[in-house]
Amino acid sequence: MAVPTWERKTRVFLCVLGLCLSVYALHVELSRERNPDYRAMCDLGESVSCSKVFTSRWGRGFGLVQFFVAKDSPLNQPNSVLGIIFYTLQMGLGLSLSRKAAVILVFSSWVSVAGSLYLASILAFILGDFCMVCVSTYVVNFALLFTNLKRRRGIEGTKEKAG
């Protein structure tokens, strides 16, 4: 059994888009740390500012890691670094047709969706901001979850027919 063409194309598109968004977010955060006057393309106004979001305490380790390690600890990475790791993992595991890979893809997608919902609530209710890059990554994460659920169902259906 080969990976269906629609799934391969969808996964590549979503993962490349997620990687681009994550790399851009990291660029904005690092640029803003070096130069507080830096204005990103996604900074459209006072309440539509991605750099404000990326440089907030929730922009690193989901705002939670700093409670367990020092704020400048190597373990307290920008969320965008976690995104780069996640989308790379999704792309790599997407090449495998094993049941184990499908389970890891679905599980990691559920974790990303939970993180997206958490960060979306922080964005709306605490920061009172709209971040186009953030919302775009949330959409990518939901789409990957949908893709991965279809993959798992397809693999389980194939195994049942074969067995």
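Please read these numbers as outputs of a predicted model, since none were measured by experiment.

Trainee: Would you mind going over a nonpolar patch on the surface with me for this structure?
Mentor: On the surface, a cluster of nonpolar side chains totalling about 270 Å² of accessible area is made up of L44, F130 and M132. Along the chain, L44 turns up in strand β1 (residues 43–45).

Trainee: Hey, could you run me through unusual backbone geometry in this one?
Mentor: It is generally the case that most residues other than glycine have a negative phi and that most peptide bonds are trans. Located in the positive-phi region is F62, a residue other than glycine, with phi close to 60°. The residue F62 is located in the loop between α2 (50–54) and α3 (79–93) in this model.

Trainee: Looking at this structure, how should I read the pattern of salt bridges?
Mentor: Think of it this way: side chains of opposite charge can pair up when their charged atoms draw near. Summed over all chains, the structure comprises 6 salt bridges. Ionic pairing is found between R60 and E29, a salt bridge with its closest N-O pair at 3.3 Å. Of this pair, R60 sits in the loop between α2 and α3 while E29 sits in helix α1 (residues 5–34); the two residues are 31 residues apart in sequence, bridging distant segments of the chain. With relative accessibility at 2%, the residue E29 sits in the buried group. Close ionic contact of R60 with E33 constitutes a salt bridge, the shortest N to O distance being 3.4 Å. Separated by 27 residues along the polypeptide, R60 in the loop between α2 and α3 and E33 in helix α1 bring together distant segments of the chain. On the basis of relative accessibility, which here comes to 22%, the residue R60 falls in the partly exposed class. Through salt bridges with shared partners, a single network forms among E7, R11 and R151.

Trainee: Sorry if this is basic, but what is going on with the packing of α3 against helix α4 (residues 99–127) here?
Mentor: Axes are the key here: two packed helices are described by the angle between their axes and the distance separating the axes. At a closest axis distance of 10 Å, the pairing of α3 and α4 adopts a crossing angle of 155°. The pairing of α3 with α4 is recorded here as roughly antiparallel in orientation. Two packed elements cross with a definite hand, and for α3 against α4 that hand is left-handed. Each of N79, F86, L89, Q90 and L93 in α3 lies in contact with α4, whose residues at this interface are A101, I104, L105, S108, S109, S112 and L119. In terms of residue class, the contact of α3 with α4 is built from 7 nonpolar, 5 polar and no charged.

Trainee: Explanation requested: the state of the cysteines in the structure shown.
Mentor: Cysteine pairs can be linked by a disulfide, which is a covalent bond between their two sulfur atoms. Scanning all chains against the criterion turns up 2 disulfides. Paired through a disulfide, C42 and C50 show a sulfur-sulfur distance of 1.5 Å. What makes C50 buried here is its relative accessible area of 0%. Each disulfide in the protein chain links cysteines that, numbered along the sequence, combine into the pattern 1-2, 3-4. C20 supplies the cysteine sulfur nearest to C15, a cysteine that is in no disulfide, at a spacing of 11 Å. By relative accessible area, which is 0% here, C15 ends up buried.

About the thresholds
Residues numbered from 1 in each chain as written. Predicted model: local features only at pLDDT ≥ 70, side-chain atom pairs only at ≥ 80, totals over all residues. Heavy atoms only, no water. Patch = residues over 30% accessible without salt bridge, like charges linked within 9 Å, V, L, I, M, F, W, Y side chains within 5 Å. Areas by Shrake-Rupley, 256 points an atom, 1.4 Å probe, with all protein chains shown as cover. Salt bridge = Lys/Arg side-chain N within 4 Å of Asp/Glu carboxyl O. Helix = DSSP H or I, 4+ residues; strand = E, 2+ residues; numbered from the N terminus. Buried < 20%, exposed > 50% of the residue type's maximum accessible area, 1.4 Å probe, protein only. Axes fitted to C-alpha atoms, helices over the stretch in contact; angles between N-to-C directions. Parallel < 35°, antiparallel > 145°, perpendicular 65-115°, else oblique. Left-handed = near helix turned anticlockwise from the far one by under 90°. Contact = heavy atoms within 4.5 Å. Nonpolar A, V, L, I, M, F, W, Y, C, P; charged D, E, K, R; others polar. Disulfide = S-S within 2.5 Å.

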